[in-house]
Each structure stands twice: as structure tokens, then as C-alpha cells.
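Each chain, letter by letter, is given below.
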Amino acid sequence: GSEEVLDIASNLFFKNVKSDVDVFIYSWDTHLHKQYESIYNPKGIVTRDQIKFDISGNDSGNPRFQAHYSRWFTTKKVLELKTQYESEYGAYDLVISTRLDLAWIKPVNFETLNTSKVNFDQAIFHNKPYGTETSVEIGDRFIASNSETMNDISKIYDKLSEYTTSIKKMWR
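To keep things clear, this report deals only with the structure shown in the data block. Given the structure is predicted, the values throughout are model-derived calculations rather than measurements.

## Description of the overall build of the protein
Stage number 1. Each helix and strand counted, the protein has five helices and seven strands in total.
Stage number 2. The helix and strand sequence of the protein, counted from the amino end, reads α-β-α-β-α-β-β-β-β-β-α-α.
Stage number 3. Taken over 172 residues, the protein has a buried fraction of 35%.
Stage number 4. Within the protein, contacts between residues separated by at least 24 positions form 58% of all contacts whose residues are at least 6 apart in sequence.
Stage number 5. Surface exposure of the protein reaches about 10,800 Å², of which carbon and sulfur atoms provide 50%.

## Brief notes about the pattern of salt bridges
Stage number 1. Throughout the structure, instances matching the rule amount to five salt bridges.
Stage number 2. Where Lys 77 meets Glu 80, a salt bridge forms, and the shortest distance between an N and an O atom there is 3.4 Å. With Lys 77 and Glu 80 both in helix α3 (residues 63–89) and three residues apart, this pair spans about one turn of that helix.
Stage number 3. Note that Lys 82 is salt-bridged to Glu 86, the shortest N-O span being 2.8 Å. Linking Lys 82 with Glu 86, this pair stays in helix α3, spanning four residues, or about one helical turn.
Stage number 4. Under the relative-accessibility criterion, Lys 82 is labelled buried at 2%.
Stage number 5. Since its relative accessible area comes to 10%, Glu 86 is described here as buried.

## Some remarks on the sheet that holds strand β4 (residues 119–120)
Stage number 1. A sheet is described by the order of its strands in space; here three strands give the open sequence β3-β7-β4, paired in antiparallel fashion. In this open sheet, the two strands that pair with only one neighbour each are β3 (95–98) and β4.
Stage number 2. Taken together, the two bridges between β4 and strand β7 (residues 142–145) define a ladder with antiparallel strand orientation. Bridged to Phe 120 within β7 is Ile 143.
Stage number 3. Sitting on the sheet, α3 touches β3 and β7, and the angle it makes with β3 is about 150 degrees.

## Observations regarding the pairing of strand β1 (residues 24–27)
Stage number 1. The alternating pattern of β1 places Phe 24 and Tyr 26 and Ile 25 and Ser 27 on opposite faces, both of which are buried.
Stage number 2. As defined by bridge partners, β1 adjoins strand β2 (residues 44–47) across four bridges and the pair is classed as parallel. Paired with Ser 27 across the two strands is Thr 47, which belongs to β2.
Stage number 3. With helix α2 (residues 33–40) bridging β1 and its parallel neighbour β2, the resulting β-α-β unit is right-handed.

## With respect to unusual backbone geometry
Stage number 1. At Asn 41, a residue that is not glycine, the phi angle is positive and equals roughly 45 degrees.
Stage number 2. Along the chain, Asn 41 falls in the loop between α2 and β2.
Stage number 3. A residue is classified by how much of its surface remains accessible, and Asn 41, at 59% relative accessible area, is exposed.

## Brief notes about the environment of Gln 50
Stage number 1. With respect to the helices and strands, the residue Gln 50 is situated in the loop between β2 and α3.
Stage number 2. Excluding its chain neighbours within four sequence positions, the residues that come into contact with Gln 50 are Trp 28 and Ser 70.
Stage number 3. Here the side chain of Gln 50 touches Trp 28 through a polar contact of 3.1 Å, side chain to side chain.
Stage number 4. A polar atom in the side chain of Gln 50 sits 3.3 Å from the side chain of Ser 70.

Rules used in this analysis
- Residues numbered from 1 in each chain as written.
- Predicted model: local features only at pLDDT ≥ 70, side-chain atom pairs only at ≥ 80, totals over all residues.
- Heavy atoms only, no water.
- Helix = DSSP H or I, 4+ residues; strand = E, 2+ residues; numbered from the N terminus.
- Buried < 20%, exposed > 50% of the residue type's maximum accessible area, 1.4 Å probe, protein only.
- Contact = heavy atoms within 4.5 Å.
- Areas by Shrake-Rupley, 256 points an atom, 1.4 Å probe, with all protein chains shown as cover.
- Salt bridge = Lys/Arg side-chain N within 4 Å of Asp/Glu carboxyl O.
- Pairing = 2+ DSSP bridges.
- Axes fitted to C-alpha atoms, helices over the stretch in contact; angles between N-to-C directions.
- Right-handed = clockwise from strand over helix to strand, strands pointing away.
- Polar contact = N/O pair within 3.5 Å; in protein donor to acceptor, adjacent residues only side chain to side chain.

Encoded structure:
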């Protein structure tokens, strides 16, 4: 949410990610709207104030649940912007969902990604790699696939109540 983070993250983005990518932004940081436009020149952009989600059947006051709903809501909305753009210009071969506050410290070689599969980051959870026996999460800071599969991923938000109820049962 800060201009300093935006400056660092965007410089590393353009250094280590191909500069000829189309960018779509959905953000809670309304105060950065003009900077997003001037830095990223997005094909679609929406900024709005943070929503407090009413999570029926779950602990809506729990910050982790709020974070999950916020994260997947923005994914759904940004991928809707992409889909609107594709309706006029055609579908993308590769779509990447990521965050504006990440520091891309190494160049990304998109040609190595298999677009018939879902590609996730290799983030760490409780000092254990995602997907290990002690982890019930997968990385979500970087998700990449073909456009159709990414549209399916955008539907995670619609199923969060079901998913979070299942997770609460696993943790008990």
C-alpha cells in the first residue's frame, strides 16, 4: 500500500519480467490509482476501498478468513477485467496472477511454464515447502496457466465458504 513498495516492486517487475506483458489491476489501494496507471499502463484497472466481507457460517471477524476472501475476491475481479479485454482482442495463451507488492529478484522465463497445467510459486509455509505432509496450503503469490484455466481459478472465491468450512474441520 505504500509508494515506496510500489516503486521497488515495479522497478524489479520491469527488470525481471518481460516489459511487453499486458497488465490488469484490481487493488484496494485507491490512493495509488494514478501511480498504477502511469507505471503499468494497464489494459484494465479498478481500485476501491477494502471490503469487510460478511462471511456467514465462518468467523467473519477472523483476520485470516478476511484475508482469504479479500485475496480471492481480487483474483476473481482482475480476471474478469482480463476476460472483458479478451472478448474484444482474443484469449491470452498465458495468464499470470500475481501481486503488486512482490519483488521479482530474478528474471522470469515464461517459456518454461506448461500452460496446460497450473503453475504455482514455491513459497514456504511454517518453514516447510508447500505440499509437504505438514502443510495444508499451496503458494498463491504466483499462479500461471492458460486463460481458460485461469478463469476456472477465478471461481475459487465463489466456493470459499465451502472450502474454509472444510479447512476448519481439518484443523480440529
